[in-house]
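Summary of structural features
So you can see what is in the structure, the chains are spelled out below.
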Amino acid sequence: MMILVAQAKDTSTGNSAPPMDYARLRCTIENFSKLDCNNHYSDIFYAGGYKWKIQIVPKGNYVDFLSMYLVVADSKTLPLGWSICVKFFTLSVINQNPELTVENEAKNHVFNDNGESWGFHTVIPLSELNDPSKGFLVRDACTVEVEVRVNSEEHVKRKNKEADQKPTSSETKRTTSKFDPLFVDIQSILEGESFKPDKFVSSFGPSWTIEEIICSKDIFKQCLDIDLDNVIQLGRDFELKKSLSILLSSNAFPKNVVDEITKFVANFVQSCEQYEVAKQDLREVLEKEKSIDDQKNAMKELSSNKFLPVRKQAECVDQEVDELESQLTERKAKKARLSLVLEVLADQANALKQSLVRDEEDHVKFCVLKKTRQRR
């Protein structure tokens, strides 16, 4: 189900049809969890006189995130060398709670025959999206929204027409000079010196429109604010390379840094490949570290939940054994003392016994003697 939320009307006809520079489309995808396709597309809508559609990657574009892109739907029918400058566009995943809606925004992006789609690889984690308690899936329906504002000027031009319609170098310089302060840090990054306005040259060549150069400057400025690895990770490497190529061919850089930037662009593809290799190596290192951490956790679990309790029990038994051994030693000593007493008593008993035997013998003799005397 697709709902057209807002779309400007043609001022000449009053119809919701091209040309118009703004549109907002809301699209509800039923049975979202059951989608088995790699890509899902919305219906076509119009903005700026061009046909657009949303590309949705339900399982993620090689990442564990929902991926979404804005696509020029009629790119194959546009003339060679076409380009469309979009002032801004947003791709959103609607939540039941509007405050939790996830929105991704891009500004001043140029769509052309080298890049008919642009968007975001990591819109929202799939684990969060597919969790019914998070409010993004309602009865297994996912609602997404796109908002687009296209530059109102004509964007699809053949290169020969662009060259004929270009302003003079002086006009170009006056039009774009206001963007020069945005690139103060370029000089500092490449030379380590402060920016000097009198060294900045803005004599554009005949191949690019002012609009494309302005967009390239803005894109370059955006990429300068993030690390190169993040540029590649966010999928903006092609955009950065193209913007650098446009700025180089239009002489928009200070002359003393052109060679360095040219070398950077020439090695850009190789740098991206090296980055991918390094990223793979890093992934393997992280997996190894995770394996080590898992083993450490297992050892910690074994130590804390099994080894330590058994060791404590063993210590208690050892303590009991020590106490019993101490008691045994005391009892052995007591036994030894009692044995000595018994020996003394035995000696006394033996002496008394012998004395008793002698007394009995004497008594017997006395009795016999007494009887003998009585007979007489």
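Now for a look at the structure at hand. Model, not experiment: these values are computed from the prediction.

Nonpolar side chains tend toward joint burial in soluble globular proteins. Of all hydrophobic cores here, the largest spans 39 residues; its most connected members are Trp 52, Ile 84, Phe 89, Val 93 and Phe 111. Beyond its immediate chain neighbours, meaning those up to four positions away, Phe 89 contacts Leu 70, Asn 104, Glu 105, Ala 106, Phe 111, Trp 118, Gly 119, Phe 120, Glu 147 and Val 148. In terms of nonpolar packing, the next biggest core, distinct from the first, is built from 13 residues, Phe 220, Val 231, Val 257 and Ile 261 among them.

Moving on: the side chain of Asn 151. Turning to its location among the elements, Asn 151 is positioned in the loop between β11 (141–150) and α2 (159–165). With residues near it in sequence (within four places) discarded, Asn 151 still touches Cys 85, Lys 87 and Glu 211.

Turning our eyes to something else, we now look at helix α7 (residues 237–249). The terminal C-alpha atoms of α7 lie 18 Å apart, and with 13 residues this matches the ideal 18 Å at 1.5 Å per residue to within 8%. Taken as a whole, α7 has its buried residues at Glu 239, Leu 240, Ser 243, Leu 244, Ile 246, Leu 247 and Leu 248. Of the residues one or two after α7, Asn 251 is the one with positive phi, at around 55 degrees.

The next point concerns a negative patch on the surface. Taken together, the side chains of Asp 318, Glu 320, Asp 322, Glu 323 and Glu 325 make up a negatively charged region of the molecular surface. Note on placement: Asp 322 falls in helix α9 (residues 268–375).

This next bit is on the packing of helix α5 (residues 210–224) against α7. Running from N to C, α5 and α7 point in directions that differ by 130 degrees, and their axes come no closer than 9 Å. When the axes of α5 and α7 are compared, the pair comes out oblique. Considering how the two elements wind past one another, α5 and α7 form a crossing that is left-handed. Every residue of α7 that contacts α5 at Glu 212, Ile 213, Ser 216, Lys 217, Ile 219, Phe 220 and Cys 223 is listed here: Glu 239, Leu 240, Ser 243, Leu 244, Ile 246 and Leu 247. Here the contact of α5 with α7 is built from residues that sort into 8 nonpolar, 2 polar and 3 charged.

Thresholds applied
Residues numbered from 1 in each chain as written. Predicted model: local features only at pLDDT ≥ 70, side-chain atom pairs only at ≥ 80, totals over all residues. Heavy atoms only, no water. Core = buried A, V, L, I, M, F, W, Y, C linked by side-chain atoms within 4.5 Å. Buried < 20%, exposed > 50% of the residue type's maximum accessible area, 1.4 Å probe, protein only. Contact = heavy atoms within 4.5 Å. Helix = DSSP H or I, 4+ residues; strand = E, 2+ residues; numbered from the N terminus. Expected span 1.5 Å × (residues − 1). Patch = residues over 30% accessible without salt bridge, like charges linked within 9 Å, V, L, I, M, F, W, Y side chains within 5 Å. Areas by Shrake-Rupley, 256 points an atom, 1.4 Å probe, with all protein chains shown as cover. Salt bridge = Lys/Arg side-chain N within 4 Å of Asp/Glu carboxyl O. Lys, Arg positive; Asp, Glu negative; His and termini not counted. Charge placed at Lys NZ, Arg CZ, Asp CG, Glu CD. Axes fitted to C-alpha atoms, helices over the stretch in contact; angles between N-to-C directions. Parallel < 35°, antiparallel > 145°, perpendicular 65-115°, else oblique. Left-handed = near helix turned anticlockwise from the far one by under 90°. Nonpolar A, V, L, I, M, F, W, Y, C, P; charged D, E, K, R; others polar.

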